[in-house]
Amino acid sequence: THCSHGFHSYLLQVKSVRYSRFTLQPTDSGERHAEVKLSDDGTEEITEVEAGGSPSFRPALPNRSRRSIAYLVLGTLLIFITGMLSCSANSEDLSFDLPSRSAGSDEDMSLANRIFDGFKELEMDPWTDIHYVQLPMPDSQKPNKVQFGAEVFNLAGFLAYSAPGRVQGKLVYGNYGRKEDLDVVQKNNVELKGCVLLVRAGKISFAEQVDNAEKKGASAVLIFPDFEDYEYRSETALYGHVHLGSGDPYTPGFPSFNHTQFPPTQSSGLPKILAQTITCNIVIVAPISGLDVLIYSLGGVENITVEVNNVLVNKELHNVFGVIKGFDDPDRYIVLGAQRDAWGRGYARATVGTSVLTELAKAFHEMVENDGFRPRRSLVFASWSAGEYGSIGATEWLEGYMASIDKSVFTYISLDGVVMGMYSFMASASPLLYSLLETTMKEVKHGFMVVRVLMRPMTIDDPAYPFLAFSGIPSVSFHFITPNSEVYTYYGTHLDDVDQLSYETNRRTGEITVAAAQFAGQMALHLVHDHLLSLDMSRYSNTLTKASGKLKDLSPNWLNRARGSFQRAARGIYDDIASTNLDDKEACRILNDRIMRVEHNLLSPYVSPVEVPFRHLLFGRGSHTLASISEATDMDELRTQLALATWNLQGCANAMVGDIWDLDEEI
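As a starting point, this report considers the structure included with it. (Residues numbered from 1 in each chain as written. Predicted model: local features only at pLDDT ≥ 70, side-chain atom pairs only at ≥ 80, totals over all residues. Heavy atoms only, no water.)

**Here's the deal with the side chain of His131**
And then number 1: Checked against the element boundaries, His131 lands in strand β4 (residues 127-137).
And then number 2: Engagement of the side chain of His131 in a polar contact is seen with the side chain of Asp129, the distance being 2.5 Å.
And then number 3: Setting aside anything within four residues of it in sequence, one finds His131 in contact with Pro255, Ser256, Phe257, Lys315, Glu316, Leu317, Asn319, Glu396 and Trp397. (Helix = DSSP H or I, 4+ residues; strand = E, 2+ residues; numbered from the N terminus. Polar contact = N/O pair within 3.5 Å; in protein donor to acceptor, adjacent residues only side chain to side chain. Contact = heavy atoms within 4.5 Å.)

Okay, here's the thing in structure tokens:
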């Protein structure tokens, strides 16, 4: 493509750039960093970690000092990001932009093959992970519809995993469909049992809205984009899914490598009621009276009929992987991943992330092959399919290697939706990665001002969530976004295209994509090159203290003592780090193994991954979590769950201790 040519041409030119200032400064971790200023303009100052590296082909490496390697690593990253900038005018070539890319489609397979070939050209030993699933699709012969009296509306959008069927009920408005919204409805003496609940999209996921409605006895849910939250045409259709979980819901807890091998079963997160999106122009004519200045009311006056005719279609899904192997610990690796499918064009949803994924692979390969970069640990680059259906490709991969994956993967970096706007930065992550996020924010410089930085809890619809809550892998997702916004409202619509994202970024999509790629690349550099894993255990102390604080009326003394054991175990690791020669590779590996145990051992061993897939004590979903325990009303159940949570946390602390004779017996 034009972009590839531009990138490689630029590579040759920039290698001759001179640097006017170069200093190395030690950091608290013992690593050394290079601070470099370009001499041509004297203004752009960038801080990078020094490094050295390896692909699977392991080329002969020149004898270079750490300082020169740091210089070359920085130079290559600058080449990479500026190369991307030079391609921004040809973004369609660069970024895998297609009019359609639905999961398992010919376009999806074509993209998978293209990415595979790209990894093969880079000698990254690519491989494909194949899954066989059934995906819901609208029936072209029997469209989904709603009927008000004599008016019938055929619907364009749909919600995957809705129960099929036809129901009739009184139309009731439920705001965003949150628990507190539905409580307000009931306090106004409006009956929810058997109703068709009308809710506006936003605040929580479609799946959570439908789950809340089902628990209140509703027979169906209609979801629409309100003018107040979604500033686009009233006939714009919404697409999404309502599985309260991730992965293939017809093979819960185990992989769909070949669905014919398994008995029929279903995820507990599948709804039993109907769910469908409708457009704003249909809502306007719905038989409901006004609420304040709005056009909605808490109680309907007429019945409405909802008909959902989605059908299951057999699909073959391909996850594509490539690897750059580490030199010291090749069996320890980070994963950088991006979904490539979308409901429509999916430019912000999938196109940008896929482009960043492949360009980062090229950059790291270039650093290893030509610039002497020697990563201690490996980098795996993953392109997932069926992300729009609830991270199916990624979750099926996690399920397929559940017994071993946590012993190898120590961080997941999601590249989905990294560019949604500009001037604001938003991230969700395991507390283990908070310090790395803060460090990277200081190190990565870009040409636009970030006026707001927001850290928010990871939600169930975050592509990184199954890695954290299902597999116990420290994970992070991040986004450049418009201020005062936490979502990209064009997701799940046919308006998610290059022009819309260009508008949201003030025509600076290329520049912001570069910043996002640089941010992900810098995190990856730290994770695969630093002697010790860039996972800060001390950051979990505040999270545990806050979670325990919500249980203060329950006198959870044992849990508090387990929390103390966790904190002492973390301090013990830091004490051992201080007394260890970090040039001793085996000693470092032993310390890193102890650090790697933290997240995985916060998964509850007392619940089944089939029935309760998100087993994380703090970030999971289910009665085992500290958040659920704080809301429990059944005292016998509460005491049982509190005891199990205590031993979950104590078990994590025990696993962090180096030797069994050093176990904390204070509890």
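Still more ground to cover, so stick around.
**Things to note about the sheet that holds strand β6 (residues 151-154)**
And then number 1: Read across the sheet, 7 strands follow the order β6-β5-β13-β8-β9-β10-β12 without closing on themselves; strand pairing throughout is mixed. What marks the edges here is a single partner per strand, and that holds for β6 and β12 (274-277). In this sheet, adjacent strand axes meet at a mean angle of 30 degrees when their direction is disregarded.
And then number 2: Of the strands in this sheet, β9 (196-200), β10 (220-224) and β12 touch helix α6 (residues 206-215), which is tilted by about 145 degrees from β10. (Pairing = 2+ DSSP bridges. Axes fitted to C-alpha atoms, helices over the stretch in contact; angles between N-to-C directions.)

**Comments concerning the nonpolar core**
And then number 1: Counting residues in each nonpolar core, the largest one holds 161 residues, and the members touching the most others are Leu336, Phe364, Phe381, Tyr389, Ile413, Leu415 and Phe478.
And then number 2: Ranked by residue count, the leading element in this core is helix α13 (residues 509-529), at 11 residues.
And then number 3: Discounting chain neighbours no more than four positions away, the residues touching Leu336 are Leu357, Leu360, Leu379, Val380, Phe381, Ala382, Tyr412, Ile413, Leu415 and Ala524.
And then number 4: Listed in part, the 21 residues of the second largest apolar core include Phe148, Leu222, Ile282 and Val306. (Core = buried A, V, L, I, M, F, W, Y, C linked by side-chain atoms within 4.5 Å. Buried < 20%, exposed > 50% of the residue type's maximum accessible area, 1.4 Å probe, protein only.)

**Some details on the sheet that holds strand β19 (residues 452-455)**
And then number 1: The strand order β4-β14-β16-β15-β17-β20-β18-β19 describes an open sheet built from 8 strands, whose pairing is mixed. Edge positions in the sheet fall to β4 and β19, since each of these pairs with one other strand and no more. Between one strand axis and the next, the sheet turns through 20 degrees on average, direction left out of account.
And then number 2: Examined bridge by bridge, strand β18 (residues 424-429) and β19 share 4 bridges and lie parallel to one another. Considered in β19, the bridge of Phe425 is made with Val453.

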